[in-house]
Amino acid sequence: MISIRNICKVFDGKAGSTHALRDVSIEVADGDVYGIIGISGAGKSTLVRCVNMLERPTSGSILVDGTDVCTLSGAALREYRHRTAMIFQGFGLLAQKTALENVCFPLRSGLGRMPEGAREKGIELLDRVGLADKADSYPAQLSGGQKQRVAIARALACDPTTILCDEATSALDPASTIQVLDLLDRINRETGVTMLVITHSMEVVERICKHVSVLVNGQVVEQGITEEVFANPQHSVTRALLGRGDWNA
């Protein structure tokens, strides 16, 4: 269970303070695929960076299986991040390493060397995402969809309990987007891993997310079961995202 409670995030700058998140509360059940949707600047990426503690909230708490991760530091924080994988819009692959080496990288980074069995696990994960034949290929030799599937295999390397997807399909063409979303859906069903999906696309949410929250200017304006929110949107931004309203309303 991920329980985001009254999270606020304020960035202070020379021009003043920016309130990126305002009293955000979201409950994500174990094994859920939960969508966080909003237009650019809504606070989506800031929220996901708070969940994995790349940004520390200004106030509020984030409970993961009963532990407030906002209080973690040192080894406990590293262990938490080890179990909380991220998939990025820009793939984040190391250009000078093969697909297999990229998948195995999280396994060796903590030890400074490749542990026994890492190569076999890497091959198994590449096979799981349909890319076992690309093990020795470099990122420049892969399509966008293949790069993202390598990134998904890498995210699975440390057997995470949670995967955070930050606009994971935004850089992909429609066909590759469907392939990646179907892969994420299958991984969720097979492993029970919890997924938090950050996106600006209603089509992404509709295809794989069981629940959704809509962010506007750092605030949750609507949330619930995806089918119910889509069938009866209450907020003007939700209606506009669904193509049923005017952005200027």
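Everything discussed here concerns the structure shown above.
Since this is a predicted model, take the numbers as computed values, not measurements.

1. Some remarks on the side chain of Thr-84
Inspection of the secondary structure puts Thr-84 in strand E6 (residues 84–88). A distance of 2.9 Å separates a polar atom in the side chain of Thr-84 from the backbone oxygen of Tyr-80. Excluding its chain neighbours within four sequence positions, the residues that come into contact with Thr-84 are Asn-52, Thr-162 and Leu-164.

2. Structural notes on the pattern of salt bridges
The full count for this structure, using the stated rule, is 8 salt bridges. Here Glu-79 and Arg-83 are joined by a salt bridge, their closest N and O atoms 3.5 Å apart. With relative accessibility at 27%, the residue Arg-83 sits in the partly exposed group. Three or more residues are tied together by salt bridges with common partners; here these are Lys-9, Arg-49 and Glu-55.

3. Concerning the sheet that holds strand E5 (residues 67–68)
By way of backbone hydrogen bonds, the strands of a sheet pair with one another, either parallel or antiparallel. Spatial ordering of the open sheet is given by E2-E1-E4-E5, a layout of 4 strands whose pairing is antiparallel. Edge strands, defined here as strands with exactly one partner in the open sheet, are strand E2 (16–28) and E5. Two elements, strand E4 (residues 59–64) and E5, share 2 bridges in a ladder whose sense is antiparallel. What sits directly across from Leu-63, in E5, is Asp-68.

The rules we used
Residues numbered from 1 in each chain as written. Predicted model: local features only at pLDDT ≥ 70, side-chain atom pairs only at ≥ 80, totals over all residues. Heavy atoms only, no water. Helix = DSSP H or I, 4+ residues; strand = E, 2+ residues; numbered from the N terminus. Polar contact = N/O pair within 3.5 Å; in protein donor to acceptor, adjacent residues only side chain to side chain. Contact = heavy atoms within 4.5 Å. Salt bridge = Lys/Arg side-chain N within 4 Å of Asp/Glu carboxyl O. Buried < 20%, exposed > 50% of the residue type's maximum accessible area, 1.4 Å probe, protein only. Pairing = 2+ DSSP bridges.

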